[in-house]
Amino acid sequence: MGNREDLLAGAKQCLQDKGYARTTVRDIASAAGVSMAAIGYHFGSREELLNAALLQAIDEWGMEIGRAVAGAVDPAATPAEQYEATWAQIIRTFDTHRVLWVASVEAFVQAEHSPGLRRQIAAGQAEGRRGVTAGLLGTPEDAVPETATRTLGAVQMALLSGVMMQSLTDPDGAPSAAEILAGLRALVAVLERGQADQDS
């Protein structure tokens, strides 16, 4: 690998070992086996390198989780059973990939001070909404209607973010896959009851 690739690999390792805020220029250079000056030459700053490494790590980790989730779902199961199995696998990753989940939260904080990072995260979110919508509908991503992405996909992503934050801060109190499914059913029942009351 060249110095740029070495730096990205070193920065990703540091993100896993120490997290975003605690990683120093010296840490990255040591992990990459290159000089500290190479960071400025290739990326301009520690922050720009960490941002690039974090986005790359999240992308790689997302694909890994996607494969794990797909492998955990029984195609013969009902849609509800498949949804619960998907959530069970996602919840497991809050422990197995905790550092990267935390790093993704740190990225949101850093994006407040980095318009470029904010744009990259926004693009990733748009891609994520379309991807989860395609998975839920069993439809190729290029065939997913925009309205479904803006509704079903957006709500699923919001649910993912909320469950992630609960799991990272209070693992014992966070909902299980079965509770998420039961909660969604209860919410639908509340909404349908409200609609029936209006119609009567």
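Residues numbered from 1 in each chain as written. Predicted model: local features only at pLDDT ≥ 70, side-chain atom pairs only at ≥ 80, totals over all residues. Heavy atoms only, no water.

A.B. asks: Help me get a handle on the overall build of the protein chain, residues and values and all.
C.D. replies: Secondary structure assignment for the protein chain yields nine helices and zero strands. The order of α-helices and β-strands along the protein chain, N terminus first, is α-α-α-α-α-α-α-α-α. Along the longest, intermediate and shortest principal axes, the C-alpha atoms of the protein chain span 70 × 30 × 30 Å. Going through the 200 residues of the protein chain one by one, you find that 34% of them count as buried. Counting contacts in the protein chain only where the partners sit at least 6 residues apart, residues at least 24 apart contribute 57% of the total. (Helix = DSSP H or I, 4+ residues; strand = E, 2+ residues; numbered from the N terminus. Buried < 20%, exposed > 50% of the residue type's maximum accessible area, 1.4 Å probe, protein only. Contact = heavy atoms within 4.5 Å.)

A.B. asks: So, the packing of aromatic side chains: which residues are in play, and what are the values?
C.D. replies: For the structure on display, the rule yields one aromatic pair. Between Phe94 and Trp101, the aromatic rings sit 4.8 Å apart at their centres with planes inclined by 70 degrees, giving edge-to-face as the arrangement. Phe94 sits in the buried class, given a relative accessible area of 5%. (Phe/Tyr/Trp six-rings, centres within 6.5 Å; stacked < 30°, edge-to-face > 60°.)

A.B. asks: Which residues make up helix H8 (residues 146-169), and what values go with them?
C.D. replies: Residues spaced three or four apart along an α-helix face the same direction, because each turn holds 3.6 residues. For H8, spanning 24 residues, the distance from its first C-alpha to its last is 33 Å, which sits close to the expected 34 Å at 1.5 Å a residue. Listed in full, the buried residues belonging to H8 are Ala148, Thr149, Gly153, Gln156, Met157, Leu160, Val163, Met164, Ser167 and Leu168. (Expected span 1.5 Å × (residues − 1).)

A.B. asks: An account of the confidence of the model for the protein chain is needed here, citing residue identities and associated values.
C.D. replies: Counting all residues, the mean pLDDT for the protein chain is 89, and 98% of those residues have values of 70 or more. Across the protein chain, the element-wise mean pLDDT spans from 82 in helix H4 (residues 46-72) up to 96 in helix H2 (residues 25-32). (pLDDT = per-residue confidence, 0-100.)

A.B. asks: How would you sum up the nonpolar core? Please name residues and give values.
C.D. replies: Of all hydrophobic cores here, the largest spans 21 residues; its most connected members are Leu7, Ala11, Leu15, Ile28, Leu49, Leu50 and Leu54. Of all elements in the fold, only helix H1 (3-18), H2, helix H3 (37-43), H4, helix H6 (98-111) and helix H7 (115-137) reach the threshold of two or more residues within this core. Those residues within four positions of Leu15 in sequence are excluded, and the remaining contacts are Tyr20, Thr23, Leu50, Ala53, Leu54 and Val99. In terms of nonpolar packing, the next biggest core, distinct from the first, is built from 19 residues, Ile65, Val163, Leu168 and Ala177 among them. (Core = buried A, V, L, I, M, F, W, Y, C linked by side-chain atoms within 4.5 Å.)

A.B. asks: Explain H1 residue by residue, including any values.
C.D. replies: With 16 residues, H1 extends 21 Å between its outermost C-alpha atoms, agreeing within 8% with the 22 Å of an ideal straight helix rising 1.5 Å per residue. Every buried residue belonging to H1 is among Asp6, Leu7, Leu8, Gly10, Ala11, Lys12, Cys14 and Leu15, and all of these are buried. Tucked inside the fold, the buried residues of H1 contact H2, H3, H4 and H6. At the C-terminal side of H1, Gly19 shows a positive phi close to 85 degrees.

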